[in-house]
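# Report on the structure
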Amino acid sequence: MKTWTENCRPSGPASGGKRNEPLLLGSRPLAPLAVALASGIGLAHALELRHTTLPILAAAALLSASALAATFLQKSHRFWRYAAAVFLCAAVGCLGAALWAHSEKKAVPPPSLESFLDGSERLYRGTIRPYPDFYPDAVVFPVALHAVWHEGRWQPLPAGVRVTVRRPVREWWVGDGVDMPLALRPFVNFENPGRYDYVANQARKGFFARASIKSDLLWNAASFRPPEGLGIHRAVDRLRRHLREILTQSLDGPQASAAQALFLGYRNAVSPLWQDRFQKAGVMHLLAISGLHVGLVAWAAFRLTQIVLRAAFPRLLLRIPDIPLAWGVGAAAAAMYGLLAGLAIPTQRALISFGCAVAALVLYRRPDPLSMVSAAALLILLNAPQSLFGASFQLSFAAFLGIVAFYPPWTATLKKVVPALFRGRLRLIRPFVDAFLICAAATLAVSPLVAYHFQGLSAAGLAANTLVVPFLAFAVLPPGLVALGLCTLHPSAGPILLAPMDFALRGLLWLIDRFATWPYAFASTGPVPLWLVTGLYTALLLLAAPMRRVRKAVGLAAVALFTALWGGGLWKHRPFPEPPLFQVTALDVGQGSATVVRCPQGGVFLVDGGGFYDDSFDVGRHVVAPALWAMGIRRLDAVILSHDHPDHRNGLRFILETFPVGRYVETGLGSRGLTGSSLVAVAIRRRIPTVQTLVDGPKAWDGTVDLGDIGGCRLRALHPTREFIQTVWDAKNLNEASLVLEVSFGEAGVLIPGDIGETTEEGLLGRLTADVHHWILIAPHHGSATSCGRNLLERLRPDGVLLSCGFGNPFGFPAPAVLERLQNRRVPVLRTDLHGAVHASWDGSRWVFSPTLPRRSLVHSGAGSQYQESMPKVP
């Protein structure tokens, strides 16, 4: 026992073989292997590799070469040692490329699926996969389809789909076979510059279609035998749901959803509002079950097992030391909790690392953090190579490596500078000091990746984590885990057992809310280029390396110079197209509208920002802002809201909060009358000048409002006029009171009419600028049957119509009658639902049209589609 504890002290020998043995990959062989595997996956992704034969053959050849070179190691010649190491790492890299190619093959849907993605309801047979996900207003079931009832018989259809049930009535568990009537639709990308490939992401997860239903009342249990291998997942699903029911019945409001995320891994149960607060406070990582949770569970099981063994089985300890046995029980408890929490990537990393640490302790070795994290990376990438490109994988490993690299030297320095912290009364604040150092190390390591993936950084993150993480570790997780364990035995005592955790959760959420409301708590960075991220991490590696200060300074200077030359070279040689004289872009925002206008003298403004009818998805943050950044737009001369409806308004909130904006323009009409929209408060808080056309601005004799010039373009608000509001408008339909914007440059013009109908169209024909002869029309009301009237088309004689609507939208936009009218007049029509973002550029004599897509594909092809800078021209 004494020997075991001596060997397990921090001062014990490092893991590995004898010092004088020639090791092929050094004392930490897993680290270069993990890097090689990740490099192979990354290279295969960059080359869009789809065949596994070539990398497998290359791996076999390199392994043979490595074995041949290793036979010469007995001669202790460095050349053969290095050759064997290089060949082995190259073989592992080829293995990574083969794994990536194999995973891409699985991401291609069955050919027969596309014919069923027309939105027609059919009867499907499938199995519930692990694990259903709970949202505040719906449940999403991952379903593995097996067959479809078609042409009077069951036809095989092996495909994964995501089914959203807004009002679930019955209980469906993992492994249940279900016959379900569904209307399948494809996943759809927002096809804009800088877009995120959501379709490919879902395909790599095994999902190729989606369906949404109000209720599951018409679902029936299928008579076929479900696939084997889901038994343990079924038991875990039942236990998770049981504990979730206890939490929802015992806790209220945001405490219930936060508890589901913190203890059971139901991250999406947290409302978008609170997720935004977590992100602004810089504590979004708390919603992922990781090393903190796993470590607490393992330590509690370790201590409990140790106490029981020493009290009840003292004779057993004469043969077996209690420490390795207790840590084994702790590892088992941590694994069970990780499985219960859904085994997300951070959880897997924590479990594998902890398992390696326990194995090292049992084998009388000191756990090596770099080897632990390398083993975790190897196992995760071997199982799921596509996870390498996920933000959760990258942030989880970066945070762990940052703590390992910077926390020990910072602690040693602090011990020399302030030795009183490590003895006497000042030891009471030591946990908070350690929390600050750990959070600072993790923040430093993940900041470049956070800026790269989320285009922003939390200025309050370091201070928030210093207080929130210790509070979570000591006041929330321990009583919560104990209470949940007891609730499995006595569910009826849930409210009493969970009362301390409820109080602690209220305090935790209060702290997060306070930090989230700090002025400028979240700073937007815009898109961060990959070359800058690479340079920053190279500099961090140099800072963490055990080198002399002079060498570090020289290395940092070289990295800074190389990064500047790399970035400058990319900027200089990037094939930017010449800016057009005048350009209008209808962004693909789904069922909504967002129009970007570039003016010849450099001015840019945005009309509407799209948006969902609820807060489930922020179109401004995830769609409009990335598109603007990808188009090189960092500042907006104006942001204009046509009318106060969510599909035009909601996406503008993030834009106003993030971008420098010259002025904000709206009619002043809101859902409650002439009170303005909710965006006015955002503009006032950001000190953005506000113009309400029904109140402010110089008005002409016909009621139009001159909004001045932007970049050589003249802007006029043609509608609504005060006379219209007082005598014609019914004070209910905000569509008819949309701000109609005319933008003119010489003889070219753009009309952006919001959601007005045909009657309102006729009322503004006489206000159009007579000198404009080449019009681009943004189709009113997304191309509804009451828009694009004959008189408007006759007056404008547009050179083209840009139509913004959602793919497969439930309203049937655009109306067939509108398309027929435009076709009869031979007017080019570009639609965001079919072509993605569409551009119209004025070259001085005519309009040139450019779609993002020639035609939208219904399924993921597996070809790794990327946005093309040079778009095909449509006459």
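For the structure, see preceding data.
Nothing here was measured: the structure is a model prediction, and the numbers come from that model.

Along the backbone of the protein chain there are 28 helices and 24 strands. For the protein chain, buried positions account for 50% of its 875 residues. Pairs at least 24 apart in sequence give 72% of the contacts found in the protein chain among residues at least 6 apart. Roughly 42000 Å² of accessible area belongs to the protein chain as shown, and the carbon and sulfur atoms make up 61% of that amount.

Looking now at unusual backbone geometry. Note the cis peptide between Pro 130 and Tyr 131, where omega equals -15°. Among the secondary structure elements, Tyr 131 is positioned in the loop between strand 1 (121-128) and strand 2 (133-135). Cis geometry is adopted by the peptide bond preceding Pro 814, which originates at Phe 813 and carries an omega value of -5°. Topologically, Pro 814 is positioned in the loop between strand 21 (800-803) and helix 27 (816-824). Unusually for a residue other than glycine, Arg 687 sits at a positive phi of about 60°. Relative to the helices and strands, Arg 687 resides in the loop between helix 23 (679-685) and strand 15 (690-692). In this structure Arg 687 comes out as exposed when scored by relative accessible area, which is 77%. If you check the backbone angles, Cys 788 has positive phi at about 55° while not being a glycine. Secondary-structure assignment places Cys 788 in the loop between strand 20 (774-778) and helix 26 (790-796).

Let us look at the sheet that holds strand 15. Overall, mixed pairing links the 8 strands, which are arranged 15-14-13-12-11-10-23-24 in an open sheet. Each end of this open sheet is capped by a strand with a single partner; those strands are strand 15 and strand 24 (847-851). Going from strand to strand, the sheet's axes swing by 15° on average, the running direction of each strand aside. One ladder, built from 4 bridges, connects strand 11 (residues 595-598) with strand 12 (residues 604-607); its direction is antiparallel. In the strand pairing of strand 12, Val 596 is matched with Leu 606.

Next up on the list: the nonpolar core. Within the largest apolar cluster, 76 residues are counted, with the highest numbers of intra-cluster contacts made by Tyr 124, Leu 182, Leu 184, Trp 219, Phe 263 and Leu 505. Apart from residues no more than four positions distant in its own chain, Leu 505 is found in contact with Leu 251, Gln 255, Ala 258, Ala 259, Leu 262 and Val 476. Grouped together as the second largest cluster of nonpolar side chains are 32 residues, Val 584, Val 665, Ile 778 and Val 838 included.

Turning our attention to the pairing of strand 12. Burial of strand 12 is two-sided: the residues Val 604 and Leu 606 facing one way and the residues Phe 605 and Val 607 facing the other way are all buried. Adjacent in sequence and paired antiparallel, strand 11 and strand 12 are bridged by 5 residues, among which Gly 602 carries a positive phi angle near 100°. Taken together, the 3 bridges between strand 12 and strand 13 (residues 638-640) define a ladder with parallel strand orientation. Its bridge partner being in strand 13, Phe 605 is matched across the sheet by Ala 638. With respect to chirality, the unit in which strand 12 leads through helix 20 (residues 619-630) into the neighbouring parallel strand 13 is right-handed.

Moving on, we come to empty space enclosed by the protein. According to the stated counting rule, one finds 2 cavities of 30 Å³ or more in the structure shown. Of the volumes computed, that of the largest cavity is approximately 70 Å³. In terms of lining, the largest cavity is formed by 13 residues, of which the most central are Ser 593, His 648, Gly 754, Ile 778 and Ala 779. A class-by-class count of the residues in the lining of the largest cavity yields 5 nonpolar, 6 polar and 2 charged.

What follows deals with the packing of helix 10 (residues 322-340) against helix 11 (residues 345-362). For the pair helix 10 and helix 11, the least separation of the axes is 10 Å and the interaxial angle reads 170°. Of the possible angle classes, the one that applies to helix 10 and helix 11 is roughly antiparallel. On the side of helix 10, the interface is formed by Pro 324, Trp 327, Gly 328, Gly 330, Ala 331, Ala 334, Ala 335 and Gly 338, while helix 11 contributes Thr 347, Leu 351, Phe 354, Val 358, Leu 361 and Val 362. In the contact of helix 10 with helix 11, the residues fall into 10 nonpolar, 4 polar and no charged.

Further remarks concern the layout of surface pockets. Reported here for the second largest pocket is a volume of approximately 810 Å³. When residues of the lining of the second largest pocket are traced back to their parent elements, those giving at least two are helix 6 (231-250), helix 7 (253-264), helix 9 (291-312), helix 10 and helix 15 (461-487). A per-class count over the lining of the second largest pocket returns 23 nonpolar, 2 polar and no charged.

All right, on to the packing of aromatic side chains then. Taken as a whole and judged by the stated rule, the model has 18 aromatic pairs. Ring geometry for Phe 190 and Phe 617: centres 5.9 Å apart, planes at 10°, overall stacked. Taken together, the residues Phe 190 in the loop between strand 5 (177-183) and helix 5 (198-204) and Phe 617 in the loop between strand 12 and helix 20 connect sequence positions 427 residues apart. Overall, Phe 190 belongs to the partly exposed group, its relative accessible area being 22%. Given a relative accessible area of 28%, Phe 617 falls into the partly exposed group. When the ring of Phe 582 is compared with that of Phe 745, the centres are 6.0 Å apart and the planes differ by 70°; the resulting orientation is edge-to-face. In this pair, Phe 582 is assigned in strand 10 (residues 582-586) and Phe 745 in strand 18 (residues 740-745), connecting sequence segments 163 residues apart. A relative accessible area of 0% places Phe 582 in the buried class. Its relative accessible area of 23% is what places Phe 745 among the partly exposed residues. An aromatic cluster of at least three residues, connected via ring pairs, comprises Phe 582, Phe 745, Trp 842 and Trp 847. Between Arg 240 and the ring centre of Tyr 266, over which it is positioned, the NZ or CZ distance is 4.2 Å.

Read across the sheet, 7 strands follow the order 16-17-18-19-20-21-22 without closing on themselves; strand pairing throughout is mixed. Of all the strands in the sheet, the pair left with one neighbour each is strand 16 (705-710) and strand 22 (829-831). Averaged over all pairs of adjacent strands, the angle between their axes in this sheet comes to 20°, without regard to strand direction. Bridging between strand 18 and strand 19 (residues 748-752) involves 5 bridges; their strand directions are antiparallel. Following the sheet pairing, Val 743 is matched in strand 19 by Val 750.

So, on to the side chain of Arg 821. By the element assignment, Arg 821 lies in helix 27. Buried and unpaired, Arg 821 has Glu 758 as its nearest opposite-charge partner, separated by 5.3 Å.

About the criteria used
Residues numbered from 1 in each chain as written. Predicted model: local features only at pLDDT ≥ 70, side-chain atom pairs only at ≥ 80, totals over all residues. Heavy atoms only, no water. Helix = DSSP H or I, 4+ residues; strand = E, 2+ residues; numbered from the N terminus. Buried < 20%, exposed > 50% of the residue type's maximum accessible area, 1.4 Å probe, protein only. Contact = heavy atoms within 4.5 Å. Areas by Shrake-Rupley, 256 points an atom, 1.4 Å probe, with all protein chains shown as cover. Pairing = 2+ DSSP bridges. Axes fitted to C-alpha atoms, helices over the stretch in contact; angles between N-to-C directions. Core = buried A, V, L, I, M, F, W, Y, C linked by side-chain atoms within 4.5 Å. Right-handed = clockwise from strand over helix to strand, strands pointing away. 1 Å grid on protein atoms, 1.4 Å probe; cavity = no way out; pocket = protein on both sides within 12 Å on 5 of 7 lines; lining within 4 Å. Points joined across faces, edges and corners; volume = space filled by probe spheres on them. Nonpolar A, V, L, I, M, F, W, Y, C, P; charged D, E, K, R; others polar. Parallel < 35°, antiparallel > 145°, perpendicular 65-115°, else oblique. Phe/Tyr/Trp six-rings, centres within 6.5 Å; stacked < 30°, edge-to-face > 60°. Lys NZ or Arg CZ within 6 Å of the ring centre and 35° of its normal. Lys, Arg positive; Asp, Glu negative; His and termini not counted. Salt bridge = Lys/Arg side-chain N within 4 Å of Asp/Glu carboxyl O.

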